[in-house]
Every structure is written in structure tokens, then in C-alpha cells.
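Structure at a glance
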Amino acid sequence: AQTVTQSQPEMSVQEAETVTLSCTYDTSESDYYLFWYKQPPSRQMILVIRQEAYKQQNATENRFSVNFQKAAKSFSLKISDSQLGDAAMYFCASPLISNFGNEKLTFGTGTRLTIIP
Amino acid sequence: KAGVTQTPRYLIKTRGQQVTLSCSPISGHRSVSWYQQTPGQGLQFLFEYFSETQRNKGNFPGRFSGRQFSNSRSEMNVSTLELGDSALYLCASSLPGGANTGELFFGEGSRLTVL
């Protein structure tokens, strides 16, 4: 089965510190995208960062970076210099299937991140 | 550019009733997909429409249905509501291939409570 798993239901971090959220997935595809989405309380889900599986270099977007381990099917999100506005549910997601007509994302169960002032 | 708009934002229904939720995608986006979000099951894919055709369907009973209009606006309908249908229903729009590449834009959701 093609699945995305987040093993940390909740995480907390001190403001300005670094936190890493974990995600593992299972797919038989050789090329695919992986995403981290952020859902702040009562606000829209937005894309934080994405990684294409065939690219060996880990993606980075300002304070957000990923540690992509393709062989281990692991895709963790690192948030550096945590800010109060980073408090949200974070979802790991992937289409898991690379064919163009598959407009469907499979999500992990989410990690609720709390920022401690 | 206006974002994805979902209406209504909140609604309360009783068991056995039906409900219709609406989604207006970002201008130019022809793909609209729907997800159900619950604390127990997380985010589950319902269906996806492109050019008024349902291209993908998740594992939900036939009580869940949808459609897309020629202007790309989409509606989903849930008939014979059950308590377990209480959830946040998210709509997302994209250009073709958007779900695969991360260019998926979500609305704020419609929160349905079934009593």
C-alpha cells in the first residue's frame, strides 16, 4: 500500500530553536514529489516546501529545509530559528504516483507544532 | 488574485439530512479536488474534477457526490448525513498536474457538524 506516516502527533520547541518533524512513506514509484504543508489554526493549508525524488540535493526554503533519504523513504522537515508564526499542523504529503492524471495527494496524519515563547 | 473560496464556512445539520458545499477555484484553475479532514482519519481524498469530469475518486460511499460546472466552480453533496460525516471539508484548486508538483491551493474549508 502507498502510505505516508508521521509518527509524532505533537511537537513543541522554544522560540528561536530548531525542530525536526519526521515523515516516512511507501511507494513503488521511482520519481515523485514529496511535500510539507502547513495548516495554521483556522487558516488555509499552504505549501511549505517540496522535494522531487530524483534530485539528490535537499530542498531549502529560507528557515525550512528537508532531509530526504530516498533509500530509507524518509522525508523530515527541519525548521530553524522557530517563530511564533510557525505554530500549526504540519502535514507530509505526496501523490506517490507519478502519472500525470493522478491529481490526488496522500497525507500523513499530521504533527501539531507548538512554539514556546 | 482571489484565492479558493468555500461556502458556507460553518454549518450544522442533523442526521438524515443532506448538505451541499460550494467551492470557487482560483481564476484559471480547472482542476478542483475535495478532501475530508477529521481528527481520527486525518485528510482523506474524496474526488477530483477537471473540465466538468470526475477523474479520480477516493474510497467513500455513494452518499458523497460532486460535480463541476463549466466555470470550474465545484459542489459536493452528502446525502443521508451520519454523525461520522462531521468534518472539515477542504477544497483545493490547481492547474493540471498541480497536485503532483505541489501547486495545489486550498480553501479555508467548510466545517460540517452533524447532530
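As for the overall build of chain B
A tally of regular secondary structure across chain B gives one helix and eleven strands. In chain B, the order of α-helices and β-strands from amino to carboxyl end is β-β-β-β-β-β-β-β-β-α-β-β. For chain B, the spread of C-alpha atoms along the three principal axes comes to 35 × 25 × 25 Å. Counting over 115 residues, chain B shows a buried share of 52%. Taking the contacts inside chain B whose residues are at least 6 apart along the sequence as the reference set, 53% of them involve residues at least 24 apart. Accessible surface computed for chain B: about 5,200 Å², of which carbon and sulfur atoms make up 49%.

Here's the deal with the packing of aromatic side chains
Under the criterion given, the structure shown has 14 aromatic pairs over all chains. Pairing Phe35(A) with Tyr37(A) gives two aromatic rings, centres 6.0 Å apart and planes at 70°, and the pair type is edge-to-face. Using a relative accessible area of 0% as the deciding quantity, one classes Phe35(A) as buried. Among the residues examined, Tyr37(A) registers a relative accessible area of 0% and is labelled buried. On the basis of an interplanar angle of 70° and a centroid distance of 6.4 Å, the ring pair of Phe107(A) and Phe106(B) is categorised as edge-to-face. Of this pair, Phe107(A) sits in strand E11 (residues 106-107) while Phe106(B) is found in strand E10 (residues 105-106), placing the two residues in two different chains. When sorted by exposure, Phe107(A) lands in the same class as Phe106(B), which is buried. An aromatic cluster is built from Tyr33(A), Phe35(A), Tyr37(A), Phe91(A), Phe107(A), Tyr35(B), Phe45(B) and Phe106(B), whose rings are joined through pairwise contacts.

Remarks on the pairing of strand E12 (residues 111-116) of chain A
All names here are of chain A. Of the two faces of E12, only one is covered, namely that formed by Thr111, Leu113 and Ile115; the face formed by Arg112, Thr114 and Ile116 stays uncovered. Alignment of strand E2 (residues 10-14) against E12, held across five bridges, turns out to be parallel. Counted as the bridge partner of methionine 11 is leucine 113 from E12. Bridge count between strand E10 (residues 88-94) and E12: three bridges; the pairing is antiparallel. Following the sheet pairing, alanine 88 is matched in E12 by leucine 113.

Description of the nonpolar core
If you look at the biggest cluster of nonpolar residues, it comprises 24 residues, and the most contacted ones within it are Trp36(A), Phe75(A), Leu77(A) and Tyr90(A). Where this core is concerned, the elements lending two or more residues are strand E3 (19-21), strand E5 (33-39), strand E6 (46-52), strand E8 (64-69), strand E9 (74-79), E10 and E12 of chain A. One finds Leu11(B), Trp34(B), Phe64(B) and Leu81(B) within the second-largest nonpolar core, a separate group that totals 21 residues.

Each value, and the rule that gives it
Residue numbers run consecutively from 1 along every chain, following the written order of its sequence. By the order in which they are written, chains take letters starting at A while ligands take numbers starting at 1. Owing to the predicted nature of the model, reporting of local features is limited to residues with pLDDT of at least 70; listing and counting of side-chain atom pairs is limited to 80 or more, with chain, interface and lining totals taken over all residues. Side-chain descriptors were evaluated using all non-hydrogen atoms of the structure, hydrogens and water having been removed beforehand. Every helix listed is a DSSP run of H or I at least four residues long, and every strand listed is a run of E at least two residues long, numbered separately from the N terminus. Per-residue accessibility, obtained with a 1.4 Å probe over protein chains only, is compared with the maximum for each type, and a residue is labelled buried under 20%, exposed over 50%, and partly exposed between these values. Whether two residues touch is decided by their heavy atoms; if any such pair falls within 4.5 Å, the residues are in contact. Using the Shrake-Rupley algorithm and a 1.4 Å probe, accessible areas are obtained, with residue cover drawn only from the displayed protein chains. Here a Phe, Tyr or Trp ring, Trp counted by its six-membered ring, pairs with any other such ring whose centre lies within 6.5 Å, and the pair is stacked when the planes are under 30 degrees apart, edge-to-face when over 60, and tilted otherwise. The pairing criterion for strands is at least two bridges between them, as found by DSSP. What makes a nonpolar core is a set of buried Ala, Val, Leu, Ile, Met, Phe, Trp, Tyr and Cys residues whose side-chain atoms join them at distances within 4.5 Å.

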